[in-house]
Amino acid sequence: MTLTITAQTLSIASIEKLNELSGESVKLCMQCATCTGMCPMVQEMDYSPRQVMHMAQFGLVGKLADINTYWKCASCHACSVKCPRGIDIAKVMEALRQQVLRKSKNYIEPSRLSAEAIAEMPQIALVAGFRKFTS
Ligand code: SF4
Ligand code: SF4
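These numbers were taken from a predicted model, which means no experiment stands behind them. (Residues numbered from 1 in each chain as written. Chains lettered and ligands numbered in written order. Predicted model: local features only at pLDDT ≥ 70, side-chain atom pairs only at ≥ 80, totals over all residues. Heavy atoms only, no water.)

## A closer look at the nonpolar core
So, step 1. Grouped together as the largest cluster of nonpolar side chains are 33 residues, with contacts concentrated most on Leu18, Leu64 and Ile89.
So, step 2. Contributions of two or more residues to this core are made by helix 1 (15-22), helix 3 (49-57), helix 5 (69-72), helix 7 (89-101) and helix 9 (123-133).
So, step 3. Of the residues forming this core, the biggest block, seven residues, is contributed by helix 7.
So, step 4. When residues are assigned to domains, this core turns out to be shared by domain 1 (15-103) and domain 2 (107-135), each giving three or more. (Core = buried A, V, L, I, M, F, W, Y, C linked by side-chain atoms within 4.5 Å. Buried < 20%, exposed > 50% of the residue type's maximum accessible area, 1.4 Å probe, protein only. Helix = DSSP H or I, 4+ residues; strand = E, 2+ residues; numbered from the N terminus. Domains from an automatic or database assignment.)

## Points about the site of ligand 1
So, step 1. Taken together, the neighbourhood of ligand 1 is formed by 13 residues, with Cys29, Cys32, Ala33, Cys35 and Cys83 sitting nearest.
So, step 2. Grouping the constituent residues of the shell around ligand 1 by class yields nine nonpolar, two polar and two charged. (Near = heavy atom within 4 Å. Nonpolar A, V, L, I, M, F, W, Y, C, P; charged D, E, K, R; others polar.)

## Re the domain arrangement of the protein
So, step 1. Looking at the assigned domains, one finds that the protein contains domain 1 (15-103) and domain 2 (107-135).
So, step 2. Put simply, the middle of domain 1 and the middle of domain 2, counted by C-alpha atoms, are 24 Å apart.
So, step 3. Our count for the contact surface shared by domain 1 and domain 2 stands at zero salt bridges.
So, step 4. There are two residue pairs in polar contact (both at pLDDT 80 or more) connecting domain 1 and domain 2. (Salt bridge = Lys/Arg side-chain N within 4 Å of Asp/Glu carboxyl O. Polar contact = N/O pair within 3.5 Å; in protein donor to acceptor, adjacent residues only side chain to side chain.)

## What to know about the packing of helix 3 against helix 7
So, step 1. Following both chains from N to C, one finds helix 3 and helix 7 inclined at 65 degrees, their axes separated by 11 Å at the closest point. The way helix 3 lies across helix 7 gives a crossing that is left-handed. For the pair helix 3 and helix 7, contact is made by Pro49, Val52 and Met53 and by Ile89, Val92, Met93 and Leu96, respectively.
So, step 2. Classifying every residue of the contact of helix 3 with helix 7 gives seven nonpolar, no polar and no charged. (Axes fitted to C-alpha atoms, helices over the stretch in contact; angles between N-to-C directions. Left-handed = near helix turned anticlockwise from the far one by under 90°. Contact = heavy atoms within 4.5 Å.)

## Structural notes on unusual backbone geometry
So, step 1. Unusually for a residue other than glycine, Gln31 sits at a positive phi of about 60 degrees.
So, step 2. Relative to the helices and strands, Gln31 resides in the loop between helix 1 and helix 2 (34-38).
So, step 3. With a phi close to 70 degrees, His77 is a non-glycine residue in the positive phi region.

## Structural notes on helix 9
So, step 1. Turning to helix 9, its buried residues are Leu126, Gly129 and Phe133. Considered in projection along helix 9, the buried side chains sweep an arc of 65 degrees and stay on one side of the axis. Opposite its buried face, helix 9 presents the exposed residues Gln123, Ile124 and Arg131, each directed more than 90 degrees away.
So, step 2. Those residues of helix 9 that are buried lie in contact with helix 5, helix 7 and helix 8 (115-120). (Arc of directions from axis to C-beta.)

## Regarding the side chain of Ser48
So, step 1. Here Ser48 lies in the loop between helix 2 and helix 3.
So, step 2. Relative accessible area serves as the criterion here: at 10%, Ser48 is assigned to the buried category.
So, step 3. At 3.3 Å, the side chain of Ser48 and the side chain of Thr36 are in polar contact.
So, step 4. Once residues lying within four places of it in the same chain are set aside, the contact partners of Ser48 are Thr36 and Val42.

## Focus: the packing of aromatic side chains
So, step 1. Applying the stated rule across the entire model yields four aromatic pairs.
So, step 2. Consider the rings of Trp71 and Tyr107, whose centres lie 4.5 Å apart with planes at 5 degrees: the pair is stacked. Taken together, the positions of Trp71 in helix 5 and Tyr107 in the loop between helix 7 and helix 8 put the pair 36 residues apart, joining distant regions of the chain.
So, step 3. Accessibility expressed as a relative area gives 2% for Trp71, which makes it buried.
So, step 4. Members of the aromatic cluster, connected to one another through ring pairs, are Tyr70, Trp71, Tyr107 and Phe133. (Phe/Tyr/Trp six-rings, centres within 6.5 Å; stacked < 30°, edge-to-face > 60°.)

Listed below in C-alpha cells is the structure:
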C-alpha cells in the first residue's frame, strides 16, 4: 500500500517560534548525537535528529522546511529520555510539524488516498495519520 505525499513548499516561521511552540531551547544542544543513536526511525529520515537540532541552532528555516525528519518521527520519546542536555526532542519535532500544519499545509492529502488504501488501513491508523499529517 502506498501513501501519496503532497509535494509542496512547506514553511517554518522562525527558530524563536520553534522554541516557543516546543517549550525547549535548541541552543542547549551540544551535538552529542545520543538522540540519533536512540531513534528507531532514523533510517527513514532525510536528516538525523542531531542534524535537525544543528539546523535549528543555525536558524536554517528554509532547509528545515524541506526535510522529512519530523514527519517520520514516531513521537516515541526515546531520544528525549536520554538527551544529556534535557531537551525534549520529540517536542521540537512536534513543533516543526505544527509550524507547517498551522499554515494549512497537509503532508498527506486525504483526497489523494486510494479507495483501496482506505479500505485496507485500520481506522485507528487513518485517524492517527490525519491528526499528525493534516492541518
Ligand atoms: S541528545 Fe540532546 S544534546 Fe545530544 S545531539 Fe541530541 S538534542 Fe543535542
Ligand atoms: S521521538 Fe522521534 S526523533 Fe525521538 S527517538 Fe522517537 S522517533 Fe526518533
